[in-house]
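Residue strings, one per chain:
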Amino acid sequence: MPYDVTEWPEEPLDPYSAQVAHAFETVGPAVVHIAARQADGRGGTGSGVIFAPDGYLITNSHVVAGATRLSASLTDGREFEARLIGDDPATDLAVLRLDATGLPHAEFGRSSRLRVGQLVVAIGNPFGFQATVTAGIVSALGRTLRSPSGRLIESVIQTDAPLNPGNSGGALVDGRGRVVGINTAMIGQAQGLCFAIGGDTAVDVTARLMRDGRVRRARLGVAGQTTPLDPRLSRRLRRAAGSAVTVSEAAPDGPAARAGVLTGDVILEFAGETVFSVDDLHRLLTAEISGTDVPMVVMRRARIETLTVRPDVDG
């Protein structure tokens, strides 16, 4: 005799399933499918997360790059045209706005409070399958990831929650239903290596994009490359790593040249911090130090010199 499923009692979910279900029910309606069309007719798709009821949403910069027409579809079937508010390729984040109000929206949590091993849920639209949820754990914190612009993104979350093409720009959610990251990348040759921009970074960049349309950073006006130091020199300088940044070119009218930096100088310290690589300089060149006097320690022909440089605002 077949079972009558209507007679089965409804059983409570186990704690793990309950957290996954709660995360999806809370944030899922705020995750949209984004279609991006370019002038030549080509296009791509991705995901986005509505974070304000008046239509503001966050996604990846690479999802919308080069698009001349953007649209977003909600889980309830509604579709809206979207316009780009601001874009920051350096962190692979962008803010769009839909012409609508009263939309379902998600709340952000603090990614700095995540713990390795904590449950996280990824919500997005892989391969166009809308409102897809996968679950995993936080595999590592504080990773760095190179953005499409070439800069390193700091404080990236590594997770084993499976991601696929189309998940980019979607939400990484904790068990309490708060967005703690924006899914951005996976390593195709590996299993369980996926990455999300930390929620703290996303909140900061979003505020700047909504205010200025872009994220301002400081500039030195130099081109440089990470180069190894002689091991004996590294030991004498008591450096933890045997590398620094060699200036390959200093713009004649740039802040570094005005401070006396020359081609061939080796940058050892900047703003009181040791510089091991070009990425260290990128990290230290924040908008807050532009227009202020900053110490820079360089090595020039085996001599150590301390210069004072005043970085400009980039752009």
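For the structure itself, consult the block above.
Values in this document were obtained by computation on a predicted structure and should not be read as measured data. (Residues numbered from 1 in each chain as written. Predicted model: local features only at pLDDT ≥ 70, side-chain atom pairs only at ≥ 80, totals over all residues. Heavy atoms only, no water.)

Asker: How would you sum up the overall build of the protein? Please name residues and give values.
Answerer: Assigned secondary structure in the protein consists of six helices and 20 strands. Dimensions along the principal axes, computed over C-alpha positions, put the protein at roughly 90 × 40 × 30 Å. Restricting to contacts in the protein with at least 6 residues of sequence separation, those with at least 24 account for 61%. Accessible surface for the protein amounts to roughly 15900 Å². Of this, 51% is attributable to carbon and sulfur atoms. Taking the average place of the 31 positive charges on the side chains of the protein and the average place of its 35 negative ones, the gap between the two points comes to 11 Å. (Helix = DSSP H or I, 4+ residues; strand = E, 2+ residues; numbered from the N terminus. Contact = heavy atoms within 4.5 Å. Areas by Shrake-Rupley, 256 points an atom, 1.4 Å probe, with all protein chains shown as cover. Lys, Arg positive; Asp, Glu negative; His and termini not counted. Charge placed at Lys NZ, Arg CZ, Asp CG, Glu CD.)

Asker: Can you explain helix α3 (residues 199-212)? Please cite residues and give values.
Answerer: An ideal rise of 1.5 Å per residue puts 20 Å on 14 residues; α3 measures up with 20 Å between its terminal C-alpha atoms. Buried within α3 are the following residues: Gly-199, Ala-202, Val-205, Thr-206, Arg-208 and Leu-209. Contacts made by the buried residues of α3 are with β3 (56-59), β5 (79-88), β6 (93-98), β11 (179-186) and β12 (194-198). Looking one or two residues beyond α3, the residue adopting positive phi is Gly-213, at roughly 85 degrees. (Expected span 1.5 Å × (residues − 1). Buried < 20%, exposed > 50% of the residue type's maximum accessible area, 1.4 Å probe, protein only.)

Asker: Could you give an account of the pairing of β12, naming the residues involved and the relevant values?
Answerer: With five of five residues buried, β12 lies mostly within the body of the structure. The sheet contact formed by strand β9 (residues 152-159) and β12 spans four bridges and is antiparallel. The residue of β12 that forms the bridge with Gln-158 is Phe-195. As paired strands, β11 and β12 are joined by five bridges and run antiparallel to one another. Within the sheet, the bridge partner assigned to Asn-183 lies in β12 and is Ala-196. (Pairing = 2+ DSSP bridges.)

Asker: Quick rundown of the sheet that holds strand β2 (residues 43-50)? Include the residues and the values.
Answerer: Taken together, the six strands give a closed barrel; going around it, the order is β1-β2-β3-β6-β5-β4, and neighbouring strands pair in antiparallel fashion. Here the strands of the sheet are splayed against their neighbours by 40 degrees on average, with no regard to which way each runs. Pairing between β2 and β3: two bridges, direction antiparallel. Each bridged residue has a counterpart across the sheet, and for Val-49 the counterpart in β3 is Ile-58. (Axes fitted to C-alpha atoms, helices over the stretch in contact; angles between N-to-C directions.)

Asker: Describe the pairing of strand β18 (residues 294-300), and please don't skip the residues or the numbers.
Answerer: Counting buried positions over the seven residues of β18 gives six, a clear majority of the element. Pairing of strand β16 (residues 266-270) with β18, which is carried by four bridges, proceeds in the antiparallel orientation. For Glu-269, the partnering residue across the bridge sits in β18 and is Val-297. Bridging between β18 and strand β19 (residues 303-309) involves seven bridges; their strand directions are antiparallel. For Arg-300, the partnering residue across the bridge sits in β19 and is Arg-303. Connecting β18 to the antiparallel partner β19 that follows it, the hairpin turn spans two residues, and Arg-301 within it adopts a positive phi of roughly 50 degrees.

Asker: Please give an account of the layout of surface pockets that cites residues and values.
Answerer: In this model, the largest pocket occupies a volume close to 430 Å³. In terms of lining, the largest pocket is formed by 20 residues, of which the most central are Thr-91, Asp-204, Arg-217, Arg-283 and Thr-286. Elements supplying a minimum of two residues to the lining of the largest pocket: β9, α3 and α6 (278-284). The leading source of residues in the lining of the largest pocket is α3, at four residues. For the lining of the largest pocket, a count of residues per class yields seven nonpolar, four polar and nine charged. Around the second largest pocket sit 14 residues that line it, and Leu-220, Gly-221, Val-222, His-282 and Leu-285 are the ones nearest its centre. Those elements that place two or more of their residues in the lining of the second largest pocket are β13 (218-219), β14 (222-228) and α6. Class assignment of the residues belonging to the lining of the second largest pocket gives a composition of eight nonpolar, three polar and three charged. (1 Å grid on protein atoms, 1.4 Å probe; cavity = no way out; pocket = protein on both sides within 12 Å on 5 of 7 lines; lining within 4 Å. Points joined across faces, edges and corners; volume = space filled by probe spheres on them. Nonpolar A, V, L, I, M, F, W, Y, C, P; charged D, E, K, R; others polar.)

Asker: Outline the nonpolar core, supporting the account with residue identities and numerical values.
Answerer: Ranked by internal contacts, the top residues of the largest apolar core, which has 46 residues, are Val-27, Ile-50, Leu-57 and Leu-98. Tallying contributions element by element places β6 first for this core, with five residues. Grouped together as the second largest cluster of nonpolar side chains are 20 residues, Ala-256, Ile-267, Leu-307 and Val-309 included. (Core = buried A, V, L, I, M, F, W, Y, C linked by side-chain atoms within 4.5 Å.)

Asker: How would you explain unusual backbone geometry if you had to name every residue and give the values?
Answerer: If a residue is not glycine, its phi is most likely negative; likewise, a peptide bond is most likely trans. The residue Asp-92 is not glycine, and still its phi comes out positive at about 55 degrees. Tracing the sequence through the fold places Asp-92 in the loop between β5 and β6. By relative accessible area, which is 3% here, Asp-92 ends up buried.

Asker: Run through the environment of Leu-268, naming residues and quoting values.
Answerer: By secondary structure assignment, the location of Leu-268 is in strand β16. Along the backbone, Leu-268 and Ile-304 are 36 residues apart, and their C-alpha atoms lie at a distance of 9.0 Å. In this structure Leu-268 touches Leu-229, Leu-237, Arg-239, Ala-244, Glu-273, Thr-274, Val-275, Val-297, Val-298, Met-299 and Ile-304, once residues within four positions along its chain are discounted.

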